[in-house]
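What follows is each chain in one-letter form.
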Amino acid sequence: KAGVTQTPRYLIKTRGQQVTLSCSPISGHRSVSWYQQTPGQGLQFLFEYFSETQRNKGNFPGRFSGRQFSNSRSEMNVSTLELGDSALYLCASSLTAGESIQYFGAGTRLSVL
Amino acid sequence: QKEVEQNSGPLSVPEGAIASLNCTYSDRGSQSFFWYRQYSGKSPELIMSIYSNGDKEDGRFTAQLNKASQYVSLLIRDSQPSDSATYLCAVTSYSGGYQKVTFGTGTKLQVIP
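Residues numbered from 1 in each chain as written. Chains lettered and ligands numbered in written order. Predicted model: local features only at pLDDT ≥ 70, side-chain atom pairs only at ≥ 80, totals over all residues. Heavy atoms only, no water.

1. Describing the nonpolar core
Then, in step 1: Membership of the largest hydrophobic core comes to 23 residues, with the highest contact counts inside it found for B:Trp35, B:Val72, B:Leu74, B:Ile76 and B:Tyr87.
Then, in step 2: Those elements that provide at least two residues to this core are strand S3 (19-25), strand S4 (32-38), strand S5 (45-50), strand S7 (61-66), strand S8 (71-76), strand S9 (85-95) and strand S11 (107-112) of chain B.
Then, in step 3: Sequence-distant contacts of B:Tyr87, defined by excluding residues within four places in its chain, comprise B:Gln6, B:Leu21, B:Trp35, B:Tyr36, B:Arg37, B:Ile47, B:Leu74, B:Ile76, B:Gly106, B:Thr107 and B:Leu109.
Then, in step 4: The next biggest cluster of nonpolar side chains, apart from the first, holds 21 residues, and it includes A:Val32, A:Phe60, A:Cys91 and A:Val112. (Core = buried A, V, L, I, M, F, W, Y, C linked by side-chain atoms within 4.5 Å. Buried < 20%, exposed > 50% of the residue type's maximum accessible area, 1.4 Å probe, protein only. Helix = DSSP H or I, 4+ residues; strand = E, 2+ residues; numbered from the N terminus. Contact = heavy atoms within 4.5 Å.)

Put into structure tokens, the structure is as follows:
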């Protein structure tokens, strides 16, 4: 069974640009959560999607948005990038919404210059 | 006060010793508790879950939960150099009608050969 797939693995952008990250969950998993990981703040929850609906949202500005498609694949978008958005963005999939046990993808390393 | 707190370390132990990793949480209503292991440059992977007070053993790993003290720990017996990683404590609780998972910032463990 394939794991969680995130693309791209690495991205370099400049301030003010926007970026879209993609996540394909484990087959049969319908919930996708996104996290931002930085050395100082650790893993911070961005949002969770289930059945194409955002179920929960963390404390991030509106520049961070996401969506989920009917095949459970999810995308995360960050607009007007800031230097502080440089981080590892992790996607995690689980069977259902609010499922505690999550399986993480390898992440997308975003560098904003 | 952070919702989930861990000592960032690094915690250094000699090979063969017991490593003790600690985590405290602030929400008394928290229901589920998890330990994830994250190797450098890799994504987190679930290694232990615990839901009720007491100890839960799995191989060389033992998770301990004390809800009255809002404290969860992970013991690693016979520590090996391959155990060197960052260990993330995760706690689930309800917020705004949704179950959410909150991660600590992680404790870096170094096992010295």
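What follows picks up the thread again.
2. Looking at empty space enclosed by the protein
Then, in step 1: According to the stated counting rule, one finds two cavities of 30 Å³ or more in the structure shown.
Then, in step 2: What the largest cavity holds in volume is close to 60 Å³.
Then, in step 3: Every residue lining the largest cavity is listed: A:Ser33, A:Tyr35, A:Phe45, A:Glu48, A:Gly98, A:Glu99, A:Gln102, B:Gln99, B:Lys100 and B:Val101.
Then, in step 4: Elements with a minimum of two residues in the lining of the largest cavity: strand S4 (31-38) and strand S5 (42-50) of chain A together with strand S10 (98-103) of chain B.
Then, in step 5: Broken down by element, the residue count for the lining of the largest cavity peaks at three residues, all from S10(B).
Then, in step 6: By volume, the second largest cavity is sized at about 40 Å³.
Then, in step 7: Taken together, B:Glu3, B:Val4, B:Tyr25, B:Ser26, B:Asp27, B:Ser30, B:Val91, B:Ser93 and B:Thr102 make up the full set of residues lining the second largest cavity.
Then, in step 8: Of the residues belonging to the lining of the second largest cavity, the class tally is three nonpolar, four polar and two charged. (1 Å grid on protein atoms, 1.4 Å probe; cavity = no way out; pocket = protein on both sides within 12 Å on 5 of 7 lines; lining within 4 Å. Points joined across faces, edges and corners; volume = space filled by probe spheres on them. Nonpolar A, V, L, I, M, F, W, Y, C, P; charged D, E, K, R; others polar.)

3. What to know about the pairing of S10(B)
Residue and element names in this part refer to chain B.
Then, in step 1: Strand direction decides the pairing type here: S9 and S10, joined by six bridges, are antiparallel. Directly across from Ala90, in S10, lies its bridge partner Phe103.
Then, in step 2: Connecting S9 to the antiparallel partner S10 that follows it, the hairpin turn spans two residues, and Gly96 within it adopts a positive phi of roughly 60 degrees. (Pairing = 2+ DSSP bridges.)

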